[in-house]
Amino acid sequence: MKFIIGLLLTIGTAEAYTLNNNFGASFKDNNVKVRVAGNTVCTPANSGITPGELEDMIKPAVDKFWNKVPTSALVLDASGASEAINNINLGRLCSPTDQDCINDGTADPNGLIPPVTDIIIACNSNPDNFGSNNVLAVTIPNKFSGKKIVGAVILINDFAPTFGSLSTSDKISVLAHEIGHAIGLGHSEDSAALMYYRTVSLRTNLGQDDVDGVTYLYPMHVDAFGLSGGLLGSCGTIQNVGGKDDEPPSNPPFVQMGISLGLMILIAEAYRLFKRTKTSSAF
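Since the structure is predicted, the reported quantities are computational estimates derived from the model, not experimental observations. (Residues numbered from 1 in each chain as written. Predicted model: local features only at pLDDT ≥ 70, side-chain atom pairs only at ≥ 80, totals over all residues. Heavy atoms only, no water.)

(A) How the structure looks around the state of the cysteines. Here the structure, examined in full by the defined rule, presents two disulfides. Each sulfur in the disulfide pair cysteine 42 and cysteine 123 lies 2.1 Å from the other. Across the S-S bond linking cysteine 42 and cysteine 123, the dihedral sits near 85°, which makes this disulfide right-handed. Within this pair, whereas cysteine 42 is found in the loop between β2 (31-36) and α2 (51-63), its partner cysteine 123 is found in strand β4 (residues 118-124), the two being separated by 81 residues in sequence. Considered together, cysteine 42 and cysteine 123 belong to a single accessibility category, that of buried residues. Here cysteine 94 is linked by a disulfide to cysteine 101, with a sulfur-sulfur distance of 2.0 Å. Its torsion about the S-S bond being -75°, the disulfide of cysteine 94 and cysteine 101 is classed as left-handed. You'll find cysteine 94 and cysteine 101 in the same group, each marked buried. Cysteines bonded in the protein are numbered consecutively along the chain; their disulfide partners then correspond to 1-4, 2-3. (Disulfide = S-S within 2.5 Å. Helix = DSSP H or I, 4+ residues; strand = E, 2+ residues; numbered from the N terminus. Buried < 20%, exposed > 50% of the residue type's maximum accessible area, 1.4 Å probe, protein only.)

Next up, the structure:
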């Protein structure tokens, strides 16, 4: 029995995913709206896209990637255009904890991009936001409530033609990658992952590392003993092991099949011991 318990505690993966902040923040609400800034301006010669086309790309970016994870409770909603946001096209985007950036942005004649609610996407032509012409886009959660993300901004590079040189499908996957940062994920060292730190052409789905990361941040809450739909509800769903609503889970998720296998072994072992005890009592 000790072996079985040990197996349940140690079955897992060597995660390559990282989190994009030092306290593992995620959105408090599992239903997150993704919008295009209502007053954004895009330069077709650089970003290769119009605000309307950018808006149309949100749905495939969330539905083909992040909304397909059965072990995650996260639901991203393509919600059209937002209200106008000050300085969104030229302003400086800063993390709330990056005081040097905030000081520079305050002194910049284009100003700071203010804290937002939900995930806001815009084109931006301030080169200080990107650091290099090769950077396709940049994403920063810029509004928090305690240890929870309230809003994040995704800026498409409208200063150089890097993003504009991509195919439509690759633009969608880049947008999905940036949404991954907005919901709390950092880069991955797994080349099969959408969150891989380098651009990979023709990326059409999440890797297992992406699935593990989003499940860790937004775990599906289920009755582990099947009171709401069978053993584990479905193969691989897990329960949040974090202690408080304002904190992320305290441990990364187990591999989905590993959990099911471990529980089946545990049940089989308990049944075997029950049978042995019943047989012994008959003598």
